[in-house]
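Below are the chains, spelled out letter by letter.
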Amino acid sequence: MITLPEFEPGQGPVLMLNLLRFKDKSIYFDQYIPAFGEVVKQLGIEGVNVRLVTEVVANIMAGENEQWDQVVLVEYPSAEAFRTIAQSEIYQQIADPLRLAGTAELKLIMTREIDF
């Protein structure tokens, strides 16, 4: 199960930066992604959008153990929406086993857009 810190409610959308190294890329994309979408649908959460999917071409300033295959940026309507999904029984039963089967390593970094 994903352990999450406490979030301040009502702070608006968040962007989740996913750093991915695959064990089995086909499990991740062909099975986990559709299962995740089904979880979101069953939970009735709107506003979850994939904003960016990239292939890593070089790990420039990464440690030896930080060799990533892809970077994915996903928008959630709120930190609470992400928590609801990640900690739901349905996610734990349907999607999380596929995430574990498809990824060798995953880092999640929750961010929020800023105006500058």
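Conventions we followed
Residues numbered from 1 in each chain as written. Predicted model: local features only at pLDDT ≥ 70, side-chain atom pairs only at ≥ 80, totals over all residues. Heavy atoms only, no water. Helix = DSSP H or I, 4+ residues; strand = E, 2+ residues; numbered from the N terminus. Rg over C-alpha atoms; globule rule 2.2 N^0.38 Å. Buried < 20%, exposed > 50% of the residue type's maximum accessible area, 1.4 Å probe, protein only. Contact = heavy atoms within 4.5 Å. Areas by Shrake-Rupley, 256 points an atom, 1.4 Å probe, with all protein chains shown as cover. Lys, Arg positive; Asp, Glu negative; His and termini not counted. Charge placed at Lys NZ, Arg CZ, Asp CG, Glu CD. Pairing = 2+ DSSP bridges. Axes fitted to C-alpha atoms, helices over the stretch in contact; angles between N-to-C directions. Salt bridge = Lys/Arg side-chain N within 4 Å of Asp/Glu carboxyl O. Parallel < 35°, antiparallel > 145°, perpendicular 65-115°, else oblique. Left-handed = near helix turned anticlockwise from the far one by under 90°.

Asker: Hey, could you go over the overall build of the chain for me, with residue numbers and the actual values?
Answerer: When helices and strands are counted, the chain shows 3 helices and 4 strands. Listing every helix and strand of the chain by position from the N terminus yields β-α-β-β-α-α-β. Here the chain has a C-alpha radius of gyration of 14 Å; the compact-globule value for 116 residues is 13 Å, and the two agree. Along the first, second and third principal axes, the C-alpha atoms of the chain reach 40 × 35 × 25 Å. The buried share among the 116 residues of the chain stands at 36%. The long-range share in the chain, meaning contacts at least 24 apart out of those at least 6 apart in sequence, stands at 82%. Counting every atom, the chain has about 7300 Å² of accessible surface; 53% of that belongs to carbon and sulfur. Measuring between centres, the 9 positive side-chain charges of the chain sit 2 Å from its 17 negative side-chain charges.

Asker: How would you explain the sheet that holds strand S2 (residues 49–55) if you had to name every residue and give the values?
Answerer: Pairing is antiparallel in the open sheet, where 4 strands are placed in the order S2-S3-S1-S4. Two strands in the sheet have a free side with no partner beyond their single neighbour: S2 and strand S4 (103–111). Here the average twist between neighbouring strands, direction ignored, is 15°. Pairing of strand S1 (residues 14–22) with S4 involves 8 bridges; the strand directions are antiparallel.

Asker: A description of the pattern of salt bridges should follow, citing residues and the corresponding values.
Answerer: Taken as a whole and assessed by the stated rule, the structure comprises 5 salt bridges. Here Lys107 ties to Glu66 by a salt bridge, and the two come within 3.9 Å at their closest N and O atoms. In this pair, Lys107 sits in strand S4 while Glu66 sits in the loop between S2 and strand S3 (70–76), placing the two residues 41 residues apart along the sequence. One salt-bridge network, held together by shared partners, links Arg51, Glu75 and Glu113.

Asker: Provide a residue-level description of the packing of helix H1 (residues 25–43) against helix H3 (residues 89–102), including the pertinent values.
Answerer: H3 packs onto H1 with a crossing angle of 160° between their chain directions and a minimal axis gap of 8 Å. Considered as vectors, H1 and H3 are oriented roughly antiparallel to each other. Classified by chirality, the crossing of H3 by H1 is left-handed. Of the residues in H3, those touching H1 at Lys25, Ile27, Tyr28, Gln31, Tyr32, Ala35, Phe36, Val39, Gln42 and Leu43 are Ile90, Tyr91, Ile94, Ala95, Leu98, Arg99, Ala101 and Gly102.

Just distances and angles here, no functional claims.
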